Amino acid sequence: MRNVQFLTGFALLILASSLASAFDPSPLQDICVAIDEPKNAVFVNGKFCKDPKLARPGDFFLSGLDKPGNTANRLGFSVKNANVEQIPGLNTLGISAVRIDYAPYGQNPPHTHPRATEILTVLEGTLYVGFVTSNQLNNTLVAKVLKKGDVFVFPIGLIHFQFNIGKKNAVAIAALSSQNPGVITIANSVFGANPPINPDFLAKAFQLDVDVVKDLEAKF
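- Going by an unreviewed UniProt entry, the protein chain carries the name Germin-like protein and comes from Citrus x changshan-huyou.
- According to UniProt, the comment filed for the protein chain under the heading Subcellular location (unreviewed entry) is "Secreted, Extracellular space, Apoplast".

As structure tokens, this is what we get:
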């Protein structure tokens, strides 16, 4: 009986450990400011850490998220990041943020963050947002129209989007549960892969004419 309990407990411990390792690790020290120079530094979670005694306020600071981004592009949106690349002090802390600006009818196209859940707050404007569940849940669309002050969550790894349905500019701030959440824009990844994915394969996968696929690949 004790052996069964031990094996069950051990199995649960292994499962918990594997789940924990799927996200940014919990820090075992107060701070671990990222630094490019590896001399006399320790490599932790993708970055070298400076001596914590040498940390300065600027390591934990970023300005400029109050300023609008440039939305003069084909999609009419702009993202300003506040992750470990901009704020070295975020290293090992498992969190980051972005500011997203949308021109009228601009969109943040379908994409996914492979390492983070996202929680988005609308500061100005009206957005139509949503995510799509996995095959396991029949690719169900979960979507809602958001107005100023509304909050919406996009679960980790799921394809999601935002679309400004208003005639005025819109602004949102989002927090993500990783110091470096990553982003995979679906259309760019599929039709803009380098080298290109075989168009015959994509034509069958998306049930499109091969010439349509070639045209899409030329655009990305």
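1. Considerations on the packing of aromatic side chains
Stage number 1. Following the criterion strictly, the structure yields 5 aromatic pairs and no others.
Stage number 2. Judged by centre distance (5.6 Å) and plane angle (50°), the rings of tyrosine 128 and phenylalanine 161 are tilted. One end of the pair, tyrosine 128, is in strand S8 (residues 127-132); the other, phenylalanine 161, is in strand S11 (residues 159-164), with 33 residues separating them in the sequence.
Stage number 3. According to the relative accessible area criterion, tyrosine 128 is partly exposed, its value standing at 29%.
Stage number 4. Through successive ring pairs, a cluster of aromatic residues spans Phe131, Phe152 and Phe154.

2. Observations concerning the layout of surface pockets
Stage number 1. Looking at the largest pocket, its volume works out to about 320 Å³.
Stage number 2. Lining the largest pocket are 21 residues, with Val79, Asn81, Val98, His113 and Val183 sitting closest to its centre.
Stage number 3. Those elements giving two or more residues to the lining of the largest pocket turn out to be strand S4 (77-82), strand S5 (96-102) and strand S6 (107-112).
Stage number 4. Top element by residues in the lining of the largest pocket is S5. It accounts for 4 residues.
Stage number 5. A class-by-class count of the residues in the lining of the largest pocket yields 10 nonpolar, 10 polar and 1 charged.
Stage number 6. What the second largest pocket holds in volume is close to 180 Å³.
Stage number 7. The wall of the second largest pocket is formed by 13 residues, among which Pro110, Ile186, Ala187, Asn188 and Phe191 lie closest to the centre.
Stage number 8. It is helix H2 (residues 186-191) that contributes the most residues to the lining of the second largest pocket, 5 residues altogether.
Stage number 9. Here the lining of the second largest pocket is composed, by residue class, of 9 nonpolar, 3 polar and 1 charged.

What counts as what
Residues numbered from 1 in each chain as written. Predicted model: local features only at pLDDT ≥ 70, side-chain atom pairs only at ≥ 80, totals over all residues. Heavy atoms only, no water. UniProt positions renumbered as here; feature names shortened; annotations may be inferred. Phe/Tyr/Trp six-rings, centres within 6.5 Å; stacked < 30°, edge-to-face > 60°. Helix = DSSP H or I, 4+ residues; strand = E, 2+ residues; numbered from the N terminus. Buried < 20%, exposed > 50% of the residue type's maximum accessible area, 1.4 Å probe, protein only. 1 Å grid on protein atoms, 1.4 Å probe; cavity = no way out; pocket = protein on both sides within 12 Å on 5 of 7 lines; lining within 4 Å. Points joined across faces, edges and corners; volume = space filled by probe spheres on them. Nonpolar A, V, L, I, M, F, W, Y, C, P; charged D, E, K, R; others polar.

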